[in-house]
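Structure at a glance
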Amino acid sequence: MPIQDYFAQAKGIGILSTADAAGQVDAAIYARPHFMDDGTLAFIMRDRLTHHNLGENPSAVYLFIEDGHGYKGVRLYLKKVKEDTNPELLAQLTRRCLSPEEDAAKGPKFVVYFTMEKTLALIGSDRPQFSMG
C-alpha cells in the first residue's frame, strides 16, 4: 500500500522524536506528514527544539498512533535531507487556519524534508509493507 493512502485514511496522533548532537531526546506532537512529488515527506515546523535538533542530528522517528481501541499504527524512521522557507510552499502546505498576525507571532516556519529509511509497526518489529508512491 502506498504510505500516502494509509495516512489519507488513518486518523490518530503523531509524535516526532529527535535528538541533538549530544543525544538529548525530544518528542513533540506533529500532524500527518506531507508527501512530496520527489518521494520525500515533509513536516512544517517552527524554529523550536525539534528544528534545532534536526540541525545537529538529521535522524528522527515519527510515531503514529491510530484512533480507536488497541495499539495500531506505524513508526517511520526518517533522515532529514533539506529544508525550505518558500512562503508560497508554506502557504500551500499549511493545514491550520491562523490569521496572518497569529501566524507571524508564532515565529518563522520551515518545510523540513525527509527520506523514509524504514517503517515498523507501532508494536513489535513487523515491517508494514508501504511504498512511496
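For the structure, check the block above.
All residue numbers refer to positions counted from 1 along the written sequence of the respective chain. Only residues with pLDDT of at least 70 are given local features in this predicted model, and only at 80 or more are side-chain atom pairs given and counted; all residues enter the totals for whole chains, interfaces and linings. Neither water nor hydrogens contribute to the side-chain values; these are computed over all heavy atoms in the structure.

1. Concerning the side chain of Thr18
What counts here: By the criteria applied, helices consist of DSSP H or I runs no shorter than four residues and strands consist of E runs no shorter than two, each listed in order from the N terminus. Each residue is assigned to one of three classes by its accessible area relative to the maximum for its type, calculated with a 1.4 Å probe on protein chains only: buried under 20%, partly exposed between the two thresholds, exposed over 50%. Between N or O atoms, a polar contact is any pair within 3.5 Å; within protein, one atom must be a potential hydrogen donor and the other a potential acceptor, and residues adjacent in sequence are included only when both atoms are from side chains. Contacts are assigned to residue pairs that have any heavy atoms within 4.5 Å of one another.
Looking at the element boundaries, Thr18 is found in strand S1 (residues 12-19). Taking the relative accessible area as the measure of exposure, Thr18 reaches 3% and is therefore buried. There is a polar contact of 3.0 Å between the side chain of Thr18 and the side chain of Asn53. Residues within four places of Thr18 in sequence aside, it is in contact with Gln24, Val25, Asp26, Thr50, Asn53, Leu54, Ser59 and Ala60.

2. Quick notes on the pairing of strand S4 (residues 41-46)
For clarity, the threshold we go by: A pair of strands counts as paired when DSSP detects no fewer than two bridges linking them.
When you tally the buried positions in S4, you get five out of six residues, the bulk of the element. In terms of strand pairing, strand S3 (residues 34-35) meets S4 through two bridges, oriented antiparallel. Directly across from His34, in S4, lies its bridge partner Ala42. Joining the antiparallel neighbours S3 and S4 is a turn of five residues, in which Gly39 adopts a positive phi near 95 degrees.

3. A few points about the packing of aromatic side chains
Threshold: Whether two aromatic rings pair depends on their centres lying within 6.5 Å, for rings of Phe, Tyr and Trp, where Trp uses its six-membered ring; planes under 30 degrees apart make the pair stacked, over 60 edge-to-face, and the rest tilted. Geometrically, a lysine NZ or arginine CZ counts as sitting over a ring once it is within 6 Å of the ring centre and also within 35 degrees of the ring normal.
With the rule as written, the count across this model stands at nine aromatic pairs. Their ring planes at 75 degrees and their centres at 5.9 Å tell us that Phe43 and Phe114 sit as a pair that is edge-to-face. Highlighted residues: Phe43 in strand S4 and Phe114 in strand S7 (residues 109-121), separated in sequence by 71 residues. Look at Phe43 and you get buried, because its relative accessible area is 2%. For Phe114, a relative accessible area of 0% translates into the label buried. Note on Tyr62 and Phe64: the rings are 6.5 Å apart at their centroids and 25 degrees apart in plane angle, and the pair reads as stacked. The same class applies to Tyr62 as to Phe64, namely buried. Aromatic rings pair up to connect Tyr6, Phe7, Tyr30, Phe35, Phe43, Tyr62, Phe64 and Phe114 into one cluster. Above the plane of the ring of Tyr113 lies Lys82, whose end atom (NZ or CZ) is 4.7 Å from the centre.

4. Section: the sheet that holds S7
Pairing within the open sheet is antiparallel, and its seven strands lie in the order S2-S1-S5-S6-S7-S4-S3. On the outer flanks of this sheet lie strand S2 (25-30) and S3, each paired with one strand and no other. With six bridges connecting them, S1 and S2 associate as antiparallel partners. Bridge assignment links Thr18 to a residue of S2, and that residue is Asp26.

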